[in-house]
Each structure stands twice: as C-alpha cells, then as structure tokens.
Amino acid sequence: AAGLVLCLALLRGRRRVLCSGVLVLAIALTLSRADAGSVAFAGILLVLFGGISTKVRSTLVALGVVAFAGLISVPAVRVRLGNSFGSKDQGSSARLDALRSMPHQLEGHWFFGRGFGAPELVSQTATAATNFVANAPLLAVYRGGVIVGITFTVLMLSAGGFAWRLLRRHDFECAALGAGYLGLMVVAFQLDIPVITLTPAI
C-alpha cells in the first residue's frame, strides 16, 4: 500500500499506470484487508476532499468501481471480505485477544516498555509465537513505554495534519500522497499485523 502511494506521487505517464496496476493487483492477491482498506479509504478521501479537478475525480471513481467489481469477482477475495469480522474470523479474534493480554504483557514495564531489544521483537521465532496488539501506537508503548507511545502518536497525528494540507492541493501527486498517508494512518497503522511482525533488520 505504501508502495502504491509512492508510485502515484512520484511516477508519471505510462510508468505510473503500469506500476500502480501491478501494485493494486499485488494488494488484492495478498488478501490483506488492512492494505485494501487503507487504499480504499485513501481513494474515498481523494475523491471527496482532494483538491483535484472534476475530470480526475470522475476518472478515479470509474477506476474504483472497475477495480472493486474485478476484485469481488475473485472467489478468494469475495470469501475473505465476506468473513471479515465474523465469529469465525481468526484475525479479528487474535486482535481482540492481543488487546486483552497487553496489560499483562506490560505489567511492570509501562514506563520504559519491554525494550527495543526484547527477544520477541528481534527473533523471528519469538515474534511468530507472540500475539502482539496490531496497532502501531500501542506497539510503540510496548517497545518504549508510555512516553515513547505518546511521542509516536503526536508525530503520527502531526504528519496527518500535513497530509490533510497535501490532500487539499490541486496537483494530483500531492493530493495522492496526502490521501495515501491518511489511509495508512487510519487503517493500516491501527489494524495491520505486518506493522508488528516484520522482523527488524539488525
């Protein structure tokens, strides 16, 4: 999803069309609801609040309708979306369990966190065995404590304010970059497991 945002902001002409098409397809094939939701939310923001021209807005709406129709025509995607947040959705259940267990995980570590070098944050095996809360601000608290979490959240929201100003600009590239960040901030940063489980490069 971040790559798609950068593609729309930095590339031009046929390269933009080709690369964005490949990335949209890749997002669909991962069956990641958080990525798809981030892109969809960003697209809605761009159409409703972007400072773009009416022609570009109409083109985006048409492309969105075609993309949505194409995606739900794929059985795996349709089943994945249909099962979202139901009682049999393991992803949603794991996220709720992680929220419930976080106070216990941080018991005695609220001020300084578990530390950035904690085994579950640097070991792929330990990471896979730990049910982290899938939320970037709360992960910042988990790693560095309440002060780090508050600092992260302030920076994230400040960037969101800057992104809103970009969204309102009249050039498509800036508007797409602003909408893309807001989509990631509102959806992926709050719900996406990969913001937690990507093993750090050390």
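Above this text sits the structure in question.
Residues numbered from 1 in each chain as written. Predicted model: local features only at pLDDT ≥ 70, side-chain atom pairs only at ≥ 80, totals over all residues. Heavy atoms only, no water.

Colleague: I keep staring at the overall build of the chain and nothing clicks. Help me out?
Modeller: The helix and strand inventory of the chain stands at 12 helices and zero strands. Order of helices (α) and strands (β) in the chain, N terminus to C terminus: α-α-α-α-α-α-α-α-α-α-α-α. The dimensions of the chain, computed from C-alpha atoms along their principal axes, are 55 × 40 × 30 Å. Within the span of the chain, comprising 202 residues, buried residues form 34% of the whole. Taking all contacts inside the chain whose residues are at least 6 apart in sequence as the whole, residues at least 24 apart take part in 64%. In the structure as shown, the chain presents an accessible area of about 11,900 Å², 71% of it carried by carbon and sulfur atoms. The centroid of the 17 positive side-chain charges in the chain is displaced by 11 Å from the centroid of its 8 negative side-chain charges. (Helix = DSSP H or I, 4+ residues; strand = E, 2+ residues; numbered from the N terminus. Buried < 20%, exposed > 50% of the residue type's maximum accessible area, 1.4 Å probe, protein only. Contact = heavy atoms within 4.5 Å. Areas by Shrake-Rupley, 256 points an atom, 1.4 Å probe, with all protein chains shown as cover. Lys, Arg positive; Asp, Glu negative; His and termini not counted. Charge placed at Lys NZ, Arg CZ, Asp CG, Glu CD.)

Colleague: How should the packing of aromatic side chains be read in this particular structure?
Modeller: Think of a pair of aromatic rings as described by two things: how far the centres are apart, and how the planes are tilted against each other in angle. Counted by the stated rule, this structure contains three aromatic pairs. Between Phe111 and Phe112 the ring centres are 4.7 Å apart and the planes differ by 90°, which places this aromatic pair in the edge-to-face class. With centroids separated by 6.1 Å and ring planes inclined at 85°, the aromatic side chains of Tyr181 and Phe189 adopt a geometry described as edge-to-face. For Phe189, a relative accessible area of 21% puts it in the partly exposed group. (Phe/Tyr/Trp six-rings, centres within 6.5 Å; stacked < 30°, edge-to-face > 60°.)

Colleague: Whenever I open this one, the pattern of salt bridges confuses me. Can you help?
Modeller: Side-chain pairs of opposite charge can arise where the charged atoms are in close proximity. Counting across every chain of the model gives four salt bridges. Residues Glu173 and Arg16 are paired through a salt bridge, measuring 2.5 Å at the closest nitrogen-oxygen approach. Taken together, the residues Glu173 in helix α11 (residues 172-191) and Arg16 in helix α2 (residues 13-30) connect sequence positions 157 residues apart. Residue Glu173 shares its accessibility class with Arg16, and that shared class is buried. Notably, a salt bridge pairs Arg169 with Asp171, separated by 3.6 Å at the nearest N-O pair. Relative accessible area serves as the criterion here: at 27%, Asp171 is assigned to the partly exposed category. Within the structure, one salt-bridge network assembled from shared partners comprises Arg12, Arg16 and Glu173. (Salt bridge = Lys/Arg side-chain N within 4 Å of Asp/Glu carboxyl O.)

Colleague: For this particular structure, what's the right way to read the nonpolar core?
Modeller: Proteins that are soluble and globular tend to have nonpolar side chains buried together. Counting residues in hydrophobic clusters, the biggest one holds 14 residues, and the most contacted among them are Leu46, Leu167, Ala179 and Leu182. Counting residues per element, the ones that place at least two in this core are α3 (33-49), α10 (146-167) and α11. If one sorts the elements of this core by residue count, α11 sits on top with seven residues. In contact with Leu167, not counting residues within four places along its chain, are Leu45, Leu46, Phe49, Gly50, Gly51, Cys174, Ala175, Gly178, Ala179 and Leu182. Counting residues in each nonpolar core, the second largest holds 10 residues, with Leu106, Phe132, Val133 and Tyr142 among its members. (Core = buried A, V, L, I, M, F, W, Y, C linked by side-chain atoms within 4.5 Å.)

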